[in-house]
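Reading the structure
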Amino acid sequence: MEVSSRTKEDHINISVRVPSGDGPYVKAKHIQLVERDPEGAIVWFWKAINEGDRVESALKDMAVAMRQLDRSEEAIEAIKSFRSLCPKTSQQSIDNLLMDLYKKCGKVDAQIALLRHKLRLIYKGQVFNGKPTKTARSHGKKIHVSVRQETSRILGNLGWAYMQKSNFMTAEVIYKKAQMIDPDATKANNLAVCLIKQARYTEACLVLQQVLNGEIPGSNDIRARNMAQDLLMEMETLLPTPEFLAGRSGLDLDDDFVNGLETLMNVWAPSRSKRLPIFEEIENFRDQITC
């Protein structure tokens with residue numbers, strides 16, 4: 001028995017989730033998902049944006065298609081030009097997409113600026129559109145992410161960005177702050193790298209031993225444990241005494257940024273002293289840089 005062409009088309013639409021309708025956005029999704037022609041889909045996504053047809057979805061989907069075609073620079077400019085047409089509730093998800101595009105293009109300074117912006121939204125209580133948690137996906141499962149966890153995640157990404165600029169002093173301070181808020185083994189390993197790069201091997205060893213001893217959440221992850229072990233082995237080949245690091249970058253944290261983090265910690269860690277040790281380190285770093 002033959003299956004009608006209409007039935008076949010309906011089956012395809014269900015399997016690839018093509019939206020229903022006849023506007024340019026629906027046409028773009030059909031070309032993207034059914035015909036598998038991203039170049040052709042981009043043309044229709046542009047048309048949808050210009051005609052005001054599901055602008056938010058069209059802009060996001062077009063940026064993803066451009067990224068797949070190594071047109072990330074163009075996607076960045078498109079988002080910057082048209083995100084103002086999208087509702088306020090969509091801006092944070094657009095920022096996440098923009099972050100992926102910055103990473104794809106190697107725009108580290110742009111990543112840092114955007115991550116700082118996201119932290120400022122947290123300071124102002126504007127993250128998650130004012131809600132205490134958000135729903136996300138991890139390994140295909142829905143999870144609830146708290147503001148505290150999101151703050152630590154963003155700080156971890158910010159620390160990584162500074163590592164890409166070889167500014168290990170700033171990255172160290174940021175990773176320590178992230179670990180105070182919501183510790184995990186991956187950030188601990190990255191903190192150890194920052195310490196190793198500054199020839200502070202004893203401190204790095206203590207951090208790595210915490211991972212190997214299972215004292216930090218996520219320490220049971222085999223990749224985290226292997227990385228910690230590899231870093232310990234790497235340190236064995238290095239000089240045991242600190243050496244002068246010529247031309248190393250100094251601390252790159254402004255007063256507003258530091259004060260914002262301290263405000264959060266006063267809420268999340270009231271049992272600690274009013275001025276946390278990490279900020280004393282920041283002041284010490286600044287004094288060293290001034291000298």
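Before any of the text, the structure's been laid out above.
Figured I'd write up the structure that's included with this text. All residue numbers here refer to positions counted from 1 along the written sequence of the relevant chain. Given that the model is predicted, a residue must reach a pLDDT of at least 70 before its local features are reported, and side-chain atom pairs must reach 80 or more before they are shown or counted; all residues, however, enter totals for whole chains, interfaces and linings. Hydrogens and water are ignored here; the side-chain numbers use all heavy atoms of the structure.

**Focus: the overall build of the protein**
When helices and strands are tallied, the protein shows 14 helices and two strands. Exposed residues in this analysis have more than 50% of their type's maximum accessible area, buried residues have under 20%, and partly exposed residues fall in between, with area computed by a 1.4 Å probe over protein chains only. Scored against the burial criterion, the 291 residues of the protein give a buried share of 41%. In what follows, a contact means two residues having at least one pair of non-hydrogen atoms within 4.5 Å. For the protein, long-range pairs separated by at least 24 residues make up 56% of all intrachain contacts whose partners lie at least 6 apart in sequence. With the model as given, the accessible surface of the protein reaches about 16300 Å², and the carbon-plus-sulfur share is 51%. Counting from the N terminus, the helices are the DSSP runs of H or I reaching at least four residues and the strands are the DSSP runs of E reaching at least two. All accessibility values rest on the Shrake-Rupley procedure with a 1.4 Å probe; residue burial counts only the protein chains present in the view.

**Overview of the layout of surface pockets**
Using a grid of 1 Å spacing that covers the protein atoms alone, one calls a set of points a cavity when a 1.4 Å probe fits there but cannot get out, and a pocket when the set is open and has protein on both sides within 12 Å along at least five of seven lines; lining residues are those with an atom within 4 Å of a point. Grid points are joined across faces, edges and corners, and a volume is the space filled by probe spheres set on the points. Empty space within the second largest pocket amounts to approximately 230 Å³. Forming the walls of the second largest pocket are 14 residues, and the residues nearest its centre are Q92, S93, F128, N129 and K134. If you tally residues by element for the lining of the second largest pocket, the top one is helix α6 (residues 91–105), at three residues. Only Asp, Glu, Lys and Arg are considered charged, only Ala, Val, Leu, Ile, Met, Phe, Trp, Tyr, Cys and Pro nonpolar, and every remaining residue, Gly among them, polar. Across the lining of the second largest pocket, the residue classes break down as four nonpolar, six polar and four charged.

**Quick notes on the nonpolar core**
The biggest cluster of nonpolar side chains holds 69 residues, and the ones touching the most others in it are M62 and I79. Per-element tally for this core: the top contributor is helix α10 (residues 185–197), with eight residues. The contact partners of M62, leaving out residues within four places of it in the chain, are I42, F45, W46, I49 and A78. Note on terminology: a nonpolar core comprises buried Ala, Val, Leu, Ile, Met, Phe, Trp, Tyr and Cys residues joined through side-chain atoms within 4.5 Å.

**Points about unusual backbone geometry**
Its identity is not glycine, yet R36 carries a phi of approximately 55°, on the positive side. Tracing the backbone shows R36 in the loop between α2 (24–33) and α3 (38–50). The class for R36 is exposed, based on a relative accessible area of 64%. Backbone geometry at R54 places phi at a positive 50°, although glycine is not the residue there. With respect to the helices, strands and loops of the structure, R54 is situated in the loop between α3 and α4 (55–68).

**A few points about the packing of aromatic side chains**
Here a pair means two rings of Phe, Tyr or Trp (six-membered ring of Trp) with centres within 6.5 Å. Their orientation is stacked below 30 degrees between planes, edge-to-face above 60, and tilted elsewhere. In total, this model carries two aromatic pairs according to the counting rule given. A ring pair is formed by Y25 and F45, whose centres lie 6.0 Å apart and whose planes are at 45°; its orientation type is tilted. Residue Y25 is located in helix α2, and its partner F45 is located in helix α3; the two are separated by 20 residues in the primary sequence. Exposure remark for Y25: the relative accessible area of 7% places this residue in the buried category. Two conditions define a charge sitting above a ring: the NZ of Lys or the CZ of Arg must be within 6 Å of the ring centre, and it must be within 35 degrees of the ring normal. Across from the ring centre of W44, 5.9 Å away, lies the NZ or CZ of K27, which sits over that ring.

**What to know about the pattern of salt bridges**
For salt bridges, the criterion is a side-chain nitrogen of Lys or Arg within 4 Å of an Asp or Glu carboxyl oxygen. Applying the stated criterion to the full structure yields 16 salt bridges. Here K29 and D61 are joined by a salt bridge, their closest N and O atoms 3.3 Å apart. You can see K29 sitting in helix α2 and its partner D61 sitting in helix α4, a full 32 residues away along the chain. Pair check on accessibility: K29 and D61 agree, each one buried. Here K165 ties to D109 by a salt bridge, and the two come within 2.8 Å at their closest N and O atoms. Of this pair, K165 sits in the loop between α8 (147–164) and α9 (168–181) while D109 sits in helix α7 (residues 108–123), and the two are 56 residues apart along the sequence.

**Some details on the environment of L231**
For L231, the position within the fold is in helix α12 (residues 222–236). In sequence terms L231 and N189 are 42 residues apart; their C-alpha atoms lie 8.2 Å from each other. If we skip the residues at most four places from it in the chain, L231 touches N189, A192, V193, I196 and L208.

**Overview of α6**
One fewer than the residue count of a helix, multiplied by 1.5 Å, yields its expected span. The terminal C-alpha atoms of α6 lie 21 Å apart, and with 15 residues this matches the ideal 21 Å at 1.5 Å per residue to within 8%. Looking only at α6, the buried set comprises Q92, I94, D95, L97, L98, M99, L101 and Y102. Buried residues belonging to α6 abut α4, α5 (72–82) and α7. Trailing α6 by a residue or two, G106 shows a phi angle of about 70°, which is positive.

**Section: the environment of W44**
Positionally, W44 belongs in helix α3. In sequence terms W44 and K29 are 15 residues apart; their C-alpha atoms lie 8.6 Å from each other. Apart from the residues within four sequence positions on either side, W44 is in contact with P24, K27, A28 and I31.

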